[in-house]
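# Observations on chain architecture
What follows is each chain in one-letter form.
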Amino acid sequence: MALDVNWAVKWLTLSAQAMAEHRTELIDLDRAIGDSDHGENMDRGFQAVLDKLAETPPETPGAALKLTAMTLMSKVGGAAGPLYGTAFLRAATSLGDATEIDPSALVAALAAARDGIVARGKAEPGDKTMVDAWMPAVEAARTAAEAGGSDVLSVLVAAAEAAEAGAVATDPLVARKGRASYLGERSAGHRDPGAASSALILRAAVGAAA
């Protein structure tokens, strides 16, 4: 099984649904350690992505991700727009004009997304940011790809599960980056909203392939 443009569009559609469904949860997470707008921004941004996909149906997975990147950069406020925009743009660049994505191309695209987030946000693992979801996700995806041959679904599942565990693992951390870092020790005990939304997006990728 290979992933194609239909998968990419379904992934983005399910991501938009997840942002809508978890909007209040993400707002509450961000209220505790940020400025309360992450859920609202992500919901608005992905609804705009759906509008753009309907206006200009993409012909390749890379084109779908590039359109997503441009839309999120223009529609999502705060740090999330540039971070997610860069992630999707780097992933799109990695995929190029390919019409199908095999496990190795999938891992490369996920790694490119992660590297874009790191480059834009200057965060490292343990800083209590979305990097804490993306770093283990990419490593788990790579391990699954090396073990599973041609099974893209197992790669996606491994990435999503690792991202979810990574998001949970931000709970006890003291933030060292972003607005949450201003709280110092008081940021401990709260989940990072960017890590939480990253886990939702990677889980949506699984749903699109299942």
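Our subject is the structure listed above.
Along each chain, residues carry numbers from 1 onward, in the same order as the chain's sequence is written. Reporting of local features is limited, given that this is a predicted model, to residues whose pLDDT is at least 70; pairs of side-chain atoms are given and counted only at 80 or more, and all residues count toward the totals for whole chains, interfaces and linings. As a rule here, side-chain values cover all heavy atoms of the structure and leave hydrogens and water aside.

## Some points on the pattern of salt bridges
Definition in use: Criterion for a salt bridge: a side-chain nitrogen of Lys or Arg within 4 Å of a carboxyl oxygen of Asp or Glu. Only runs of H or I of at least four residues qualify as helices and only runs of E of at least two qualify as strands under DSSP, and these elements are numbered from the N terminus. For every residue, the accessible area (1.4 Å probe, protein chains only) is compared with the maximum for its type, and the residue is labelled buried under 20%, exposed over 50%, or partly exposed between those bounds.
Here the structure, examined in full by the defined rule, presents ten salt bridges. Residue Arg 23 pairs with Glu 40 through a salt bridge whose shortest N-O separation is 2.3 Å. With Arg 23 in helix 2 (residues 23–33) and Glu 40 in helix 3 (residues 38–55), this pair connects stretches of sequence that are 17 residues apart. Judged by its relative accessible area of 27%, Arg 23 falls in the partly exposed class.

## What about the environment of Leu 156?
Here is the rule we go by: Contacts between residues were defined by any pair of non-hydrogen atoms, one from each residue, lying within 4.5 Å.
Here Leu 156 shows up in helix 8 (residues 152–168). As a C-alpha pair, Leu 156 and Val 107 span 49 residues in sequence and 9.1 Å in three-dimensional space. Filtering out sequence-adjacent residues up to four positions away, Leu 156 remains in contact with Leu 3, Trp 7, Leu 106, Ala 205, Val 206 and Ala 209.

## So, the side chain of Thr 68
Within the fold, Thr 68 resides in helix 4 (residues 61–75). Judged by its relative accessible area of 0%, Thr 68 falls in the buried class. Apart from residues no more than four positions distant in its own chain, Thr 68 is found in contact with Leu 12, Val 49 and Phe 88.

## Some remarks on the nonpolar core
Defined as follows: Within this scheme, the nonpolar core is defined by two criteria: the residues are buried Ala, Val, Leu, Ile, Met, Phe, Trp, Tyr or Cys, and they are joined through side-chain atoms within 4.5 Å.
If you look at the biggest cluster of nonpolar residues, it comprises 65 residues, and the most contacted ones within it are Trp 7, Trp 11, Phe 46 and Phe 88. No other element matches the eleven residues that helix 9 (residues 193–209) contributes to this core. In this structure Phe 88 touches Trp 11, Leu 12, Phe 46, Leu 65, Thr 68, Ala 69, Leu 72 and Ile 201, once residues within four positions along its chain are discounted.

## Examining the packing of helix 3 against helix 4
This is how the line gets drawn: For every element, the axis is a line fit to its C-alpha atoms; helices are fit only across the contacting stretch, and the angle between N-to-C directions ranges from 0 to 180 degrees. Working rule for angles: under 35 degrees goes down as roughly parallel, over 145 as roughly antiparallel, 65 to 115 as roughly perpendicular, anything else as oblique. Crossing chirality is assigned from the near helix's rotation relative to the far helix, an anticlockwise turn below a right angle marking it left-handed and a clockwise turn marking it right-handed. In this classification, Asp, Glu, Lys and Arg are treated as charged, Ala, Val, Leu, Ile, Met, Phe, Trp, Tyr, Cys and Pro as nonpolar, and every other residue, Gly included, as polar.
Look at helix 3 against helix 4: their axes get within 9 Å of each other, and the N-to-C directions meet at 135 degrees. With respect to their mutual orientation, helix 3 and helix 4 come out oblique. Pair helix 3 / helix 4 crosses with right-handed handedness. Where helix 3 abuts helix 4, its residues Arg 44, Gly 45, Phe 46, Ala 48, Val 49, Lys 52 and Leu 53 lie against Ala 64, Leu 67, Thr 68, Thr 71, Leu 72 and Lys 75. Split by residue class, the contact of helix 3 with helix 4 holds seven nonpolar, three polar and three charged.

## What about helix 8?
Quick reminder: α-helices carry 3.6 residues per turn. Residues three or four places apart thus point the same way. Short version of the rule: In this scheme, a helix's expected span is set at 1.5 Å multiplied by one less than its residue total. Whenever two N or O atoms come within 3.5 Å, that pair is a polar contact, provided that in protein one can donate a hydrogen and the other can accept it, and provided that, for residues adjacent in sequence, both atoms are side-chain atoms.
Between its first and last C-alpha atoms helix 8 spans 25 Å; for 17 residues at 1.5 Å apiece the expected length is 24 Å, and the two agree. Turning to helix 8, its buried residues are Val 152, Val 155, Leu 156, Ala 158, Ala 159, Ala 160, Ala 162, Ala 163, Gly 166 and Ala 167. Buried positions along helix 8 lie against helix 1 (5–21), helix 6 (103–121), helix 7 (131–148) and helix 9. Two or three places before Leu 153, at the opening of helix 8, Asp 151 has a side-chain oxygen 3.2 Å from that residue's backbone nitrogen.

## A short note on helix 6
Under the 1.5 Å per step criterion, the end-to-end length of helix 6 is 27 Å for 19 residues, consistent within 8% with the ideal 27 Å. Every buried residue of helix 6 is accounted for by Pro 103, Leu 106, Val 107, Ala 109, Leu 110, Ala 111, Ala 112, Ala 113, Arg 114, Gly 116 and Ile 117. For helix 6, the secondary structure elements touched by its buried residues are helix 5 (80–95), helix 7, helix 8 and helix 9. Downstream of helix 6 by a residue or two, Lys 122 has a phi angle that is positive, lying close to 55 degrees.

## Remarks on the packing of helix 6 against helix 7
Between helix 6 and helix 7, the least distance of the axes is 9 Å, while the angle of their chain directions is 160 degrees. The pairing of helix 6 with helix 7 is recorded here as roughly antiparallel in orientation. Two packed elements cross with a definite hand, and for helix 6 against helix 7 that hand is left-handed. Across the interface between the two elements, Pro 103, Val 107, Leu 110, Ala 111, Ala 113, Arg 114, Ile 117 and Val 118 of helix 6 pack against Val 131, Trp 134, Met 135, Val 138, Glu 139, Ala 141, Arg 142 and Ala 145 of helix 7. Tallied by class, the residues present in the contact of helix 6 with helix 7 amount to 13 nonpolar, no polar and three charged.

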